[in-house]
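Below, each chain spelled out in residue letters.
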Amino acid sequence: MKKLLLAGAAVIALILVVGVVLPFVIDADSFRPTIEQKLGAMLGRNVTIGHLALSVWRGELKADEISIADDPAFSNSPFFKATSLGVGVEIAPLVFSHALHIRLLNFVEPQILLLRADSGRWNFSTLGGSHNPPPAPGSNASSPAPATQFTVDTLEITNGQLTIGSSPRSKETYESVNITANHLSPDASFPFTLDARTPGGGSLKLEGEAGPINASDTAKTPFRAKMNLQQVDLSSTGLLDPSSGIAGTLDYSGEIRSDGKVAHAEGAATVAKLRLVKAGQPSSQPISLRYASDYDMTKRSGQLAKGELVTGKSSVALTGTYDTHADSTVVHAKLDAPSIPVEDIKALLPALGVMLPSGATLQGGTAAAHLALDGPVDKLVIAGDVNLSNAKLSGFGLAQKLAVLSVFTGLKQSPDTLIQTMASKLRIAPEGIQAQGVQLIVPELGTITGGGTIDEQGALDFKLLANLSQAGVGGALANLAGRAGLGGVTGKGIPFLVQGTSSEPRFLPDTKGLVRGVMPAQADGTTQPATVGNIIQGLFGKKKQQ
């Protein structure tokens with residue numbers, strides 16, 4: 001027993017001696033050119049490593065810092081720079097034969113810069129063994145280590161910072177970047193994981209397999225991965241121009257796979273608090289997209305093979321194409337919604353800049369839309385036909401808002417507006433909304449036609465014409481208008497203006513339009529008599545417009 005204890009003590013003493021003495025016996029810094037050369041040959045870039053020290057206990061060579069040069073076509077700044085580098089090595093070969101067998105590379109707090117040129121090429125595209133850098137000073141230039149001979153059991157990036165952009169104005173930074181790759185070799189596939197905190201406080205996770213590395217364009221390396229995004233702020237991704245007004249919080253789960261030529265992606269995305277225009281308000285209802293797409297990496301264009309927008313309990317078809325030649329992805333798509341319950345879409349109207357009057361709610365009925373979506377995603381133009389049928393605007397009586405009705409009829413008006421049909425050609429763009437060919441049929445009143453705009457600040461500017469029905473309030477008004485000597489309004493309609501905002505609309509008489517409608521024009525372009533303006537002022541109960 002005593003001998004056993006003595007032997008154990010001797011072993012412990014030997015280990016302590018080795019741990020203390022070896023760092024002084026082995027010049028760890030002498031391995032720096034070898035590591036620089038091997039990493040440089042693998043990456044095709046100049047690699048600079050700081051002073052190396054040996055830790056026997058951890059089986060690690062540790063460098064003060066490491067810097068990897070960028071593609072000179074992009075910048076003179078480092079593509080990759082870390083505060084320290086840990087190189088896990090096998091101690092026995094290092095001690096007895098001074099052979100360097102690397103099992104681990106750990107980069108601590110690196111700063112990584114990814115840039116895309118107008119051509120679509122990335123600054124990491126030239127990473128690879130076929131782009132050998134100049135030999136490091138003091139190295140054997142006649143026999144560089146081939147990239148395919150350099151393998152690493154485990155590569156780790158810890159607490160990194162990743163900046164992505166195509167120009168100074170569009171750069172965005174991802175924090176807390178952690179990457180792990182096992183059995184890393186340029187000529188074989190290897191598993192990897194990535195997680196990061198996205199701009200705005202969301203999270204990104206990738207898990208998959210990549211390789212073999214494409215030596216001519218690293219961006220075309222085959223890979224497959226599952227992606228998960230949580231609480232990603234759309235306005236902070238760097239993919240959208242902040243001035244576009246597009247905002248929301250994105251959750252995504254899907255799979256991406258590429259053979260180096262075509263990238264196939266499919267999954268489901270949900271956006272909460274969506275806003276599509278600057279004048280809009282966040283939607284109180286999330287919208288989801290289930291999709292599949294194929295992207296040609298050479299042509300830099302893709303097709304939406306399957307697209308299904310889901311809002312409430314309804315889904316609509318979305319098809320189209322996209323390309324990435326510009327800073328912002330350009331789309332050409334069509335959305336076909338033949339019949340959707342109003343309850344499923346009313347919460348999305350604010351996202352488009354369409355706010356209901358204060359205190360009003362839209363109830364019942366169905367909506368239909370046939371829309372084209374064209375342009376850069378951050379300057380998207382949505383245009384097409386929309387139709388609303390058999391709905392009620394509760395809490396907003398259109399007849400009450402038109403002063404002409406209350407002044408002449410004295411009838412009690414409903415606090416609600418029943419909409420038989422509302423149809424229009426809409427164009428929704430960053431600068432605002434245009435509505436042309438408006439046709440609104442309100443049974444108790446008649447038919448309202450015309451058009452107008454809602455600007456990017458939400459201001460209304462509509463010119464409309466009310467053609468009164470022969471029944472109900474409209475008929476009563478027509479009779480009274482006839483007694484007032486304005487019978488022409490029943491044939492040509494009563495023109496009026498809508499100004500203010502969607503939430504607080506103001507209805508005003510279009511006196512010039514009304515005069516033209518009821519009085520014949522004279523040779524000099526004037527109308528008679530001059531007192532007609534006073535009649536109109538009384539008719540609408542409003543100040544005459546000049």
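Residues numbered from 1 in each chain as written. Predicted model: local features only at pLDDT ≥ 70, side-chain atom pairs only at ≥ 80, totals over all residues. Heavy atoms only, no water.

### What to know about empty space enclosed by the protein
- Within this structure, the stated rule accounts for three cavities of 30 Å³ or more.
- Every residue lining the largest cavity is listed: Val277, Ala279, Leu352, Gly353, Ile428, Ala429, Gly432, Ile433, Ile454 and Asp455.
- Counting only elements with at least two residues in the lining of the largest cavity, the list comes to strand S23 (417-429), strand S24 (432-442) and strand S25 (446-455).
- Looking at the lining of the largest cavity, its residues break down into seven nonpolar, two polar and one charged. (1 Å grid on protein atoms, 1.4 Å probe; cavity = no way out; pocket = protein on both sides within 12 Å on 5 of 7 lines; lining within 4 Å. Points joined across faces, edges and corners; volume = space filled by probe spheres on them. Helix = DSSP H or I, 4+ residues; strand = E, 2+ residues; numbered from the N terminus. Nonpolar A, V, L, I, M, F, W, Y, C, P; charged D, E, K, R; others polar.)

### Digging into the pattern of salt bridges
- Under the criterion given, the structure shown has six salt bridges.
- As a salt-bridge pair, Arg121 and Asp217 come within 3.5 Å of each other at their nearest N and O atoms. Pair noted here: Arg121 is in the loop between strand S8 (111-115) and strand S9 (152-165) and Asp217 is in the loop between strand S12 (203-210) and strand S13 (223-233), with a separation of 96 residues, a long-range link.
- Overall, the relative accessible area of 32% leaves Arg121 in the partly exposed class.
- Across the pair Glu431 and Arg427 runs a salt bridge, and its minimum N-O distance is 3.0 Å. (Salt bridge = Lys/Arg side-chain N within 4 Å of Asp/Glu carboxyl O. Buried < 20%, exposed > 50% of the residue type's maximum accessible area, 1.4 Å probe, protein only.)

### Quick word on the side chain of Ser424
- The residue Ser424 is located in strand S23 in this model.
- Classification of Ser424 as buried rests on a relative accessible area of 11%.
- Separated by 3.2 Å, the side chain of Ser424 and the backbone oxygen of Gln436 make a polar contact. (Polar contact = N/O pair within 3.5 Å; in protein donor to acceptor, adjacent residues only side chain to side chain.)

### Quick look at the packing of aromatic side chains
- According to the stated counting rule, one finds six aromatic pairs in the structure shown.
- With a centroid separation of 6.2 Å and 40 degrees between ring planes, the pair formed by Phe396 and Phe507 is classed as tilted. Taken together, the residues span a long stretch of sequence, with Phe396 in the loop between strand S22 (381-394) and helix H4 (398-401) and Phe507 in strand S28 (residues 505-509) at a distance of 111 residues.
- Note on Phe396: relative accessible area 9%, which makes it buried.
- One aromatic cluster in this structure is built from Phe396, Phe496 and Phe507.
- Here the basic side chain of Arg45 rests over the ring of Phe79, its NZ or CZ set 5.3 Å away from the ring centre. (Phe/Tyr/Trp six-rings, centres within 6.5 Å; stacked < 30°, edge-to-face > 60°. Lys NZ or Arg CZ within 6 Å of the ring centre and 35° of its normal.)

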